[in-house]
Amino acid sequence: MLLLVRAKDINITLGANKVATSKMHAGNSIRRQRVRHICVGDTMGLDALVSWFMSIASIFKKRKTVRLGLYGAPNAGKTSLANKISMDWLGEPVGKVSRVPHETRAIQQKEHVQVKANGHELDMNLLDMPGISTKVDYRDFMKYGITVEDAQKRSKEATKGIIEAIKWLENVDAALIVMDSTEDPFTQVNLTIIGNLEARNIPVILVANKIDLPKSRPAKIRDAYPQYPVVEISALKGDNMDELYQEITTRLR
Amino acid sequence: MIAMNIQIEFLTSSVLSQKAESEKISFIVANLKKGKILVLEDPLTHAEETRLIEATMKKVTSAFPGIEIGTLGDGSVANDIRSQIIRMLGGKPGGFTVIGPSKLVRQIKRDPETLSLFAGDGRKR
């Protein structure tokens, strides 16, 4: 009997006897350092084996940390939301917030943010992504009083940040797509981000942010993306965060 | 009043279908940098759109600050498979992609069935 179970970083190999185990050694020499071999005698009952395996598997399940990416267009409020979540559960912020677009130009991370809601608990690494856009014009930054040199530097860093955020689409376990509910939600950038995550079967929650503003129209987000859960919040004021935590702990586990 | 020359190229599916993804993206970016607006008969998939955004970001300069893009006939996986089957049967899947350099194309606005392209610098004359 040969059973190979692959957890995230550790492979557990169950072999019926030492011969099978040594054969696996030979064929798997590259992974040898990361492989834990356990020999199980043929006399062991199947039920006992299954229950033993389940207990091992449950240990790994409990320890799982979800990499949660915050995606969206620039100025949607991703860092405000990351700060709010991190302040609520760790007591410290993630990054600086600004009205100037592309303030976040490199991924900001908070590890082991443990969110609890409705009797569920989720351990997550919070990844605040740079805003994704299809253009970065340094002249746009100068409208906020930034010098030419600083605007050009900011522009260069912003393009790198966008590339980094796109590359991470392959590495997150779940995502919050943050949208400014005062803006048109049906943009190509939103569609592209959601489409890529969907193609990888990565669970997604849409966050309709800035509901404290008079121009906010979160219903437009629900209408544009009826197949996804939408939570209406104000990251700035902390409105409806409990509902978001409930969604995160139930849908993204 | 300043006149503005706009070149729009309509690319049939045969122009891009024979190219590998990286070639396809390079071809599109090169044409956008020349100031052309492209209309692709075969809509880009979401994966291709992200590759295009990545490739564009690597080429951003003050003269080429980026692109505007809009796709009708969503490039979801299900739709992509559907498109492939339609093509295998000799048919043509619906939809198209419009891409333009952001210096020329201010915005591509979409609703589920329509794409509107706004060209020019946006100043009232």
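Keep in mind the model is a prediction, meaning the values are calculated, not measured. (Residues numbered from 1 in each chain as written. Chains lettered and ligands numbered in written order. Predicted model: local features only at pLDDT ≥ 70, side-chain atom pairs only at ≥ 80, totals over all residues.)

Undergrad: Before we go on, may I ask you to explain helix H3 (residues 78-89) of chain A in this structure?
TA: Residue and element names in this part refer to chain A. Helix length check: H3, at twelve residues, gives a terminal C-alpha distance of 17 Å against a target of 16 Å (1.5 Å per residue), a fit within 8%. Within H3 the residues assigned to the buried category are Lys78, Thr79, Ser80, Leu81, Ala82, Asn83, Lys84 and Ile85. In this structure, the buried residues of H3 make contact with strand E4 (66-72), strand E5 (108-117), strand E6 (120-128), strand E7 (174-180), strand E8 (204-209) and helix H8 (241-251). In the segment just after H3, Gly91 is the residue with positive phi, at about 80°. (Helix = DSSP H or I, 4+ residues; strand = E, 2+ residues; numbered from the N terminus. Expected span 1.5 Å × (residues − 1). Buried ≥ 20, exposed ≤ 12 C-beta atoms within 10 Å, placed from the backbone. Contact = placed C-beta atoms within 7 Å.)

Undergrad: How should unusual backbone geometry be read in this particular structure?
TA: All names here are of chain A. Here Lys210, not a glycine, exhibits a phi torsion of approximately 70°, which is positive. Its place among the elements puts Lys210 in the loop between E8 and helix H7 (218-224). Phi is positive for Asn240, close to 65°, though the residue is something other than glycine. With respect to the element layout, Asn240 can be found in the loop between strand E9 (230-232) and H8.

Undergrad: Help me understand the sheet that holds strand E4 (residues 96-101) of chain B, please; the structure alone is not making it clear to me.
TA: All names here are of chain B. If you walk across this open sheet you meet the four strands as E1-E2-E4-E3, and the pairing is mixed. Of all the strands in the sheet, the pair left with one neighbour each is strand E1 (7-11) and strand E3 (67-72). Put simply, the sheet's adjacent strands are angled 15° from each other on average, direction ignored. By the bridge criterion, five bridges tie E1 to strand E2 (residues 36-40) in an arrangement that is parallel. Counterpart to Gln7 in the pairing with E2 is Lys36. (Pairing = 2+ DSSP bridges. Axes fitted to C-alpha atoms, helices over the stretch in contact; angles between N-to-C directions.)

Undergrad: Before we go on, may I ask you to explain helix H2 (residues 21-33) of chain B in this structure?
TA: Residue and element names in this part refer to chain B. The terminal C-alpha atoms of H2 lie 18 Å apart, and with 13 residues this matches the ideal 18 Å at 1.5 Å per residue to within 8%. When H2 is considered as a whole, its buried residues turn out to be Lys24, Ile25, Ile28 and Leu32. All buried residues of H2 project into a common sector of 95° when viewed along the axis, lining one side. Seen from the buried face of H2, the exposed residues on the opposite side, beyond 90 degrees, are Ser22, Glu23 and Ala30. On its buried side, H2 packs onto helix H1 (13-17), E2, helix H3 (46-59), E3 and E4. Looking one or two places after H2, you find Gly35, whose phi comes out positive at around 90°. (Arc of directions from axis to C-beta.)

Undergrad: What should I look at first to understand the interface of chain B and chain A in this one?
TA: When the parts of a complex come together, some accessible area is lost, and that lost area is often used as the size of the interface. Across the contact, 25 residues belong to chain B and 18 residues belong to chain A. Sorting the residues of the side of chain B that touches chain A by element identifies H3, E3 and strand E5 (105-111) of chain B as the ones contributing at least two each. Looking at which element gives the most residues to the side of chain B that touches chain A, the answer is H3(B), with eight residues. When the residues that make up the side of chain B that touches chain A are grouped by side-chain class, the tally is nine nonpolar, ten polar and six charged. (Nonpolar A, V, L, I, M, F, W, Y, C, P; charged D, E, K, R; others polar.)

Undergrad: Quick question: what am I supposed to make of the environment of A:Ser155 here?
TA: All names here are of chain A. With respect to the secondary-structure elements, Ser155 resides in helix H5 (residues 148-167). Measuring from C-alpha to C-alpha, the distance between Ser155 and Asp140 comes to 9.4 Å, with 15 residues separating the pair along the chain. If we skip the residues at most four places from it in the chain, Ser155 touches Val136, Tyr138 and Phe141.

The values reported here are purely geometric and, on their own, carry no functional implication.
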